[in-house]
Amino acid sequence: MPRFTIQQIHEKLEASPVVPLFFHAEAAYAQKLLDACYQGGLRAFEFTNRGANAAATFAQLSKHVAANLPDLALGIGTIYRPEEAEQFLALGADFIIQPIITAAVGEVCKRNQVAWMPGALTPNEVYQAHSLGADIVKIFPGDAVGPGYIKALRGPMPHIKLMVTGGVQPNEANLREWFSAGVNYVGIGSQLIKKAEELGIAGFTAHIEELIQIVKNIRGK
C-alpha cells in the first residue's frame, strides 16, 4: 500500500500548492533541498527522472523522506513507460508525473492506488487524460500557452484539477496570474531551485515560506 492515499495527496497540494521539480545526481545535495522545502512548509516534491543514476538517487531520497520527513509526498516525474513507473513505485514514489499521456502508466498508478498526473496541452488531451483517470492534469509547457489559455480552458472544463508546469516564476505577480486564471497547483523547476544557490539554504527556506503565504493570500485561504 502507498504511504498516502490519493485524497491525502490532494490535501497536501491544497495546503501547499507549489511543487518543486528537480534533478541532481548527488543525493546529499538533493536531500538538503528536500529538507529546506519541507521546513519551508511544502509537502509535495517532484524528483525528475532525467539522469542515468536517477533511480539510485531517488532510492536514497525516499529512505530519507520516510525516516525524517514523514508528511512529505515524494513523487517521480518525467516518466514515459509503465516499467519506469513500476520501478519508482517500488522505490517508494508517492505519485507519478508525466510530460505526456501514457494510458499504461495510468493503469500502473490505478493498480497501485497512487496519484497519476499526466502532461497535456490541448483541450482534447486534457479531456483524454481526465477520461483515462488522471487525478490531476499537468498543463505543460505552460509558457507555450500562458494564463489566458487556462482561463479559456476553465470555461468548458471547470471540474478538472490542473497543475501548470513550465514558465511559472516564483514571484507574486506571476503566481497571481496563474492562480487567478484557474490553476489548482503549479510546478516550478529551475527558476525556483536556483534560489537555493542565490540565497543559501536558510534563505531558500524563507523564500519557500514566502511563496506559500503569497499563494494562500491569492487564493484567499
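You'll find the structure just up there.
Residues numbered from 1 in each chain as written. Predicted model: local features only at pLDDT ≥ 70, side-chain atom pairs only at ≥ 80, totals over all residues. Heavy atoms only, no water.

S.K.: I tried to follow helix α9 (residues 190-219) on my own but got confused; where do I start?
M.R.: Given 3.6 residues to a turn, an α-helix orients residues that are three or four positions apart in the same direction. For α9, built from 30 residues, the straight-helix expectation of 44 Å at 1.5 Å per residue is missed by more than 12%, its first-to-last C-alpha distance being only 24 Å. In the structure, α9 departs most strongly from a straight axis at Leu199, where the bend amounts to approximately 120°. For α9, every residue scored as buried is listed here: Leu192, Ile193, Ala196, Phe204, Thr205, His207, Ile208, Leu211, Ile212, Ile214, Val215 and Ile218. Where α9 terminates, the next one or two residues include Gly220, which has phi positive at roughly 70°. (Helix = DSSP H or I, 4+ residues; strand = E, 2+ residues; numbered from the N terminus. Expected span 1.5 Å × (residues − 1). Bend = angle between axes of the 7 residues up to and from the residue. Buried < 20%, exposed > 50% of the residue type's maximum accessible area, 1.4 Å probe, protein only.)

S.K.: Would you explain the side chain of Thr102 in this entry?
M.R.: Structurally, the position occupied by Thr102 is in the loop between β4 (95-97) and α5 (103-112). Ignoring sequence-local partners within four residues, the contact set of Thr102 consists of Tyr80 and Trp116. (Contact = heavy atoms within 4.5 Å.)

S.K.: How should the packing of aromatic side chains be read in this particular structure?
M.R.: For any pair of aromatic rings, the description rests on two quantities: the centre-to-centre distance and the angle between the ring planes. In the structure shown here, the tally under the stated rule is five aromatic pairs. On the numbers, 6.2 Å between centres and 55° between planes, the contact of Phe22 with Tyr29 is tilted. Residue Phe22 is classed as buried on the basis of its relative accessible area, which comes to 7%. For the pair Phe58 and Phe88, a centre-to-centre distance of 5.4 Å together with 85° between the ring planes defines the contact as edge-to-face. Of the two residues, Phe58 sits in helix α3 (residues 54-68) while Phe88 sits in helix α4 (residues 82-90), which places them 30 residues apart along the sequence. For the pair Phe58 and Phe88, a shared accessibility class is recorded, and that class is buried. Three or more aromatic residues joined by ring pairs form one cluster here, namely Phe23, Phe47, Phe58 and Phe88. Directly above the ring of Tyr38 sits Arg43, whose terminal nitrogen or CZ lies 3.9 Å from the centroid. The ring centre of Phe140 lies 4.9 Å from the NZ or CZ of Lys138, which sits over that ring. (Phe/Tyr/Trp six-rings, centres within 6.5 Å; stacked < 30°, edge-to-face > 60°. Lys NZ or Arg CZ within 6 Å of the ring centre and 35° of its normal.)

The values are spatial; any link to function lies outside them.
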